[in-house]
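Coordinate analysis (summary)
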Amino acid sequence: MSYKAKFKVWRGEGGEGRLEDFTVEVNEGEVVLDIIHRLQATQAPDLAVRWNCKAGKCGSCSMEINGKPRLGCMTRMSTFAEDETITVTPMRTFPVIKDLVTDVSFNYQKAREIPSFTPPDGVRPGEYRMQQVDVERSQEFRKCIECFMCNNVCHVIRDHEENKPAFAGPRFLMRIAELDMHPYDVADRQDSAQQEHGLGYCNITKCCTEVCPEHIKITDNALIPMKERVVDRKYDPLVWLGDKIFRR
Ligand code: SF4
Ligand code: F3S
Ligand code: FES
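In what follows, the accompanying structure is described. All figures in this text were calculated on a predicted structure; none of them were measured in a lab. (Residues numbered from 1 in each chain as written. Chains lettered and ligands numbered in written order. Predicted model: local features only at pLDDT ≥ 70, side-chain atom pairs only at ≥ 80, totals over all residues. Heavy atoms only, no water.)

Observations concerning the site of ligand 1
Close to ligand 1 lie Cys 144, Ile 145, Glu 146, Cys 147, Phe 148, Cys 150, Arg 171, Met 174, Cys 212, Pro 213 and Ile 218, which account for all nearby residues. A per-class count over the shell around ligand 1 returns nine nonpolar, no polar and two charged. (Near = heavy atom within 4 Å. Nonpolar A, V, L, I, M, F, W, Y, C, P; charged D, E, K, R; others polar.)

Observations regarding the site of ligand 2
The local shell around ligand 2 consists of Cys 154, His 155, Pro 170, Cys 202, Asn 203, Ile 204, Thr 205, Lys 206, Cys 207, Cys 208, Thr 219 and Leu 223. When contributions to the shell around ligand 2 are tallied by element, the ones reaching two or more residues are α8 (207–211) and α9 (218–235). Of the residues that constitute the shell around ligand 2, the class distribution is seven nonpolar, four polar and one charged. (Helix = DSSP H or I, 4+ residues; strand = E, 2+ residues; numbered from the N terminus.)

Observations concerning the nonpolar core
If you look at the biggest cluster of nonpolar residues, it comprises 62 residues, and the most contacted ones within it are Phe 7, Val 9, Val 32, Ile 36, Met 77, Val 88 and Ile 218. Sorting elements by how many residues they give to this core places helix α6 (residues 169–181) first, with seven residues. Apart from residues no more than four positions distant in its own chain, Val 88 is found in contact with Phe 7, Lys 8, Val 9, Trp 10, Leu 19, Val 32, Ile 36, Met 63, Glu 64 and Leu 100. (Core = buried A, V, L, I, M, F, W, Y, C linked by side-chain atoms within 4.5 Å. Buried < 20%, exposed > 50% of the residue type's maximum accessible area, 1.4 Å probe, protein only. Contact = heavy atoms within 4.5 Å.)

Overview of the packing of aromatic side chains
Each aromatic ring pair is characterised by the separation of its centres together with the angle its planes make. Under the defined criterion, the tally for this structure stands at six aromatic pairs. Their ring planes at 35° and their centres at 5.0 Å tell us that Tyr 128 and Tyr 184 sit as a pair that is tilted. One end of the pair, Tyr 128, is in the loop between α2 (105–112) and α3 (132–141); the other, Tyr 184, is in the loop between α6 and α7 (189–195), and 56 residues separate them in sequence. Its relative accessible area of 17% is what places Tyr 184 among the buried residues. Summarising the aromatic geometry, the rings of Phe 167 and Tyr 201 are spaced 5.9 Å apart at their centres and angled 50° between planes, so their arrangement reads as tilted. One end of the pair, Phe 167, is in the loop between α5 (155–158) and α6; the other, Tyr 201, is in the loop between α7 and α8, and 34 residues separate them in sequence. Judged by its relative accessible area of 1%, Phe 167 falls in the buried class. Taking relative accessible area as the criterion, Tyr 201 reaches 38% and is therefore assigned partly exposed. (Phe/Tyr/Trp six-rings, centres within 6.5 Å; stacked < 30°, edge-to-face > 60°.)

What about unusual backbone geometry?
Of note, Asn 66 is a non-glycine position whose phi angle comes to about 50°, a positive value. If you trace the backbone, Asn 66 turns up in the loop between β3 (62–65) and β4 (68–71). Judged by its relative accessible area of 33%, Asn 66 is partly exposed. Positive phi, normally seen in glycine, also occurs at Phe 148, with a value near 65°. Among the structural elements, Phe 148 can be located in the loop between α3 and α4 (149–153). Overall, Phe 148 belongs to the buried group, its relative accessible area being 2%.

The quantities given are spatial measurements derived from coordinates; they are silent on function.
What follows is the structure in structure tokens.
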């Protein structure tokens, strides 16, 4: 069964743009990305959209559908009523390159600012021995497909461009938490999470967790435990004394 749906799609580049109206055919089983592709094929050949796998695994097709961050390839048209007008806009937190394609280099910059896994001296790959519980803990975080919808939705940077230099966003605070929980990582993640990557800006609104297409419990399993680890360290008298003695 096919029907005609009403779409409003954001078109523009260079900081200028507007919503453009389309009426487009929808067939059973289709997702929003199918409709965008149909628009490209029939009415708007220059409509820009980023996508790759069409299977919810590459994280490329992040967009905002009726104001909510979603993967275009995983959002079924059956989610919406047939007479509903569907509005598709680019992610708001990142600059638009053209139409639905945003410049997500902010995220790659933040990724580069986090030192990679740092094992202790003298332990070589193959010699690590980990408890299964530690393996499982970080396994959840590694499901991340880097769609950057969590960073897009977090109010700390969504409405405050000025916070971007100081805040890594939930995706990368989660990465720091993952490394801090790794029993073989010896880098000081806790101070840098607070001082350099803006952990303190997060006031646990959980919007990041709500939009994650991999259903990673970013706030409960990464951000809150990381905050607790930072606080434990700050108020642990032994750690405090150690910091005083060795940092003078
Ligand atoms: Fe996307 Fe979830 Fe990874 Fe954030 S944590 S980038 S929402 S997959
Ligand atoms: Fe932002 Fe997620 Fe914290 S949305 S405020 S990083 S809980
Ligand atoms: Fe790969 Fe949507 S196209 S996640």
